[in-house]
Amino acid sequence: AEEGVKSLGIPYKKIILQPILKELGKYDMLSRLVSVPIIARSGLFIMKRLAGRKMLYSMNPEEIKSGNKIISRLIGTATVCGILKWRTRMILLYKYALINNYAVLGTTNRTEYILGHYDPYGDGAVDIECIVHLYKTQVFQLAKYLNIPDKIINKRPYPDWLPGIFDIDLIGMKYEKVDTILALM
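Report on the accompanying structure. Keep in mind that what you see is a predicted model, and the values were worked out from it rather than measured.

1. Considerations on the overall build of the chain
Scanning the chain from terminus to terminus reveals 11 helices and two strands. From first element to last, N terminus to C terminus, the chain shows the α and β order α-α-α-α-α-α-β-α-β-α-α-α-α. Counting over 185 residues, the chain shows a buried share of 37%. Only carbon and sulfur atoms are counted for the fraction: they give 60% of the accessible area of the chain, which is about 12,000 Å².

Structure below.
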């Protein structure tokens with residue numbers, strides 16, 4: 001984000017969330033095992049295999065609960081920790097928007113919106129959704145057109161949920177394939 005706003009010449013303020021999240025108990029809940037990317041990825045893979053599903057979003061809560069209890073607890077704890085982080089970030093965005101008489105702009109795109117790949121009270125709690133009409137692959141194309149640095153465009157989409165877990169891990173396929181399917185629907 002910092003590199004993006006710098007490249008566009010937009011003023012910004014960097015806020016470190018860790019002290020706030022520590023006070024909320026996020027790090028007490030997040031076991032050391034979850035913070036190791038290979039263990040987080042393995043747990044997610046096992047949960048999806050147990051439920052016989054490729055996409056985490058296609059699993060209902062009962063399927064997750066009926067899987068391995070340790071893995072299920074791991075995923076549940078990670079979800080709570082992710083939601084705390086996303087919603088804390090949104091509270092701070094609104095604080096600064098209110099102080100400065102700004103609107104909070106969202107970055108949820110059409111693909112994420114249709115799949116439910118956002119938190120409605122975190123990254124989805126905004127005043128204006130600017131790109132919700134664009135599929136994820138169209139957002140990449142727009143970024144190239146706007147000369148956004150390649151380092152930003154080529155960064156693997158990451159939900160900021162667990163270390164080492166990327167969008168493709170949760171969705172189960174690349175955005176090119178998902179967008180083609182959604183567009184044909």
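2. Comments concerning the side chain of Thr-111
Among the structural elements, Thr-111 can be located in helix H7 (residues 110–115). Contact partners of Thr-111, with chain neighbours within four places excluded, come to Leu-134, Tyr-135, Lys-136, Tyr-175, Val-178, Asp-179 and Leu-182.

3. Topic: the packing of aromatic side chains
Evaluation of the coordinates by the stated rule reveals two aromatic pairs. Ring centres 5.7 Å apart and planes at 15 degrees place the aromatic pair Tyr-113 and Tyr-118 in the stacked group. According to the relative accessible area criterion, Tyr-113 is partly exposed, its value standing at 48%. Of the residues examined, Tyr-118 reaches a relative accessible area of 24% and is grouped as partly exposed. Just above the ring of Phe-166 sits the side chain of Arg-156; from NZ or CZ to the centre is 3.8 Å.

4. Digging into the nonpolar core
Grouped together as the largest cluster of nonpolar side chains are eight residues: Ala-40, Leu-44, Ala-78, Trp-86, Trp-161, Leu-162, Ile-165 and Leu-170. Looking at this core, the elements with two or more residues in it are helix H4 (37–50) and helix H6 (69–100). In this structure, Leu-115, Tyr-135, Ile-171 and Met-173 belong to the second largest nonpolar core, which totals seven residues.

5. Description of the layout of surface pockets
By volume, the second largest pocket is sized at about 300 Å³. For the second largest pocket, the lining is made up of 14 residues, of which Phe-140, Arg-156, Pro-157, Tyr-175 and Glu-176 are closest to its centre. Contributing elements (two or more residues each) for the lining of the second largest pocket: helix H8 (136–145), helix H10 (167–171) and helix H11 (175–184). Per-class residue counts for the lining of the second largest pocket are seven nonpolar, one polar and six charged.

6. Describing a nonpolar patch on the surface
Together, Val-36, Ile-38 and Ile-39 give the surface a local cluster of nonpolar side chains, amounting to about 230 Å² of exposed area. One can find Ile-38 in helix H4.

7. With respect to the pattern of salt bridges
Pairing between side chains of opposite charge can happen when their charged atoms approach one another. A complete count under the given rule lists seven salt bridges for this structure. We note a salt bridge from Arg-89 to Asp-160, for which the minimum N-O separation is 2.4 Å. Residue Arg-89 is located in helix H6, and its partner Asp-160 is located in the loop between helix H9 (150–153) and H10; the two are separated by 71 residues in the primary sequence. A residue is classified by how much of its surface remains accessible, and Asp-160, at 17% relative accessible area, is buried. Where salt bridges share partners, they join Glu-2, Lys-6 and Lys-14 into one cluster.

8. Here's the deal with unusual backbone geometry
You will see that Asn-101, though not glycine, has its phi angle at about 60 degrees, which is positive. As for its placement among the helices and strands, Asn-101 is situated in the loop between H6 and strand S1 (105–106). In this structure, Asn-147 is a non-glycine residue whose phi angle is positive, near 60 degrees. Summarising the element assignment, Asn-147 is placed in the loop between H8 and H9.

9. Some points on H11
Among all positions in H11, only Tyr-175, Val-178, Asp-179 and Leu-182 are buried. Viewed along the axis of H11, the buried residues span an arc of 95 degrees, placing them on a single side of the element. Exposed positions of H11 whose direction lies more than 90 degrees from the buried face are Lys-177 and Leu-184. Of the surrounding elements, those touching the buried residues of H11 are H7, H8 and H10.

Criteria and cut-off values
Residues numbered from 1 in each chain as written. Predicted model: local features only at pLDDT ≥ 70, side-chain atom pairs only at ≥ 80, totals over all residues. Heavy atoms only, no water. Helix = DSSP H or I, 4+ residues; strand = E, 2+ residues; numbered from the N terminus. Buried < 20%, exposed > 50% of the residue type's maximum accessible area, 1.4 Å probe, protein only. Areas by Shrake-Rupley, 256 points an atom, 1.4 Å probe, with all protein chains shown as cover. Contact = heavy atoms within 4.5 Å. Phe/Tyr/Trp six-rings, centres within 6.5 Å; stacked < 30°, edge-to-face > 60°. Lys NZ or Arg CZ within 6 Å of the ring centre and 35° of its normal. Core = buried A, V, L, I, M, F, W, Y, C linked by side-chain atoms within 4.5 Å. 1 Å grid on protein atoms, 1.4 Å probe; cavity = no way out; pocket = protein on both sides within 12 Å on 5 of 7 lines; lining within 4 Å. Points joined across faces, edges and corners; volume = space filled by probe spheres on them. Nonpolar A, V, L, I, M, F, W, Y, C, P; charged D, E, K, R; others polar. Patch = residues over 30% accessible without salt bridge, like charges linked within 9 Å, V, L, I, M, F, W, Y side chains within 5 Å. Salt bridge = Lys/Arg side-chain N within 4 Å of Asp/Glu carboxyl O. Arc of directions from axis to C-beta.

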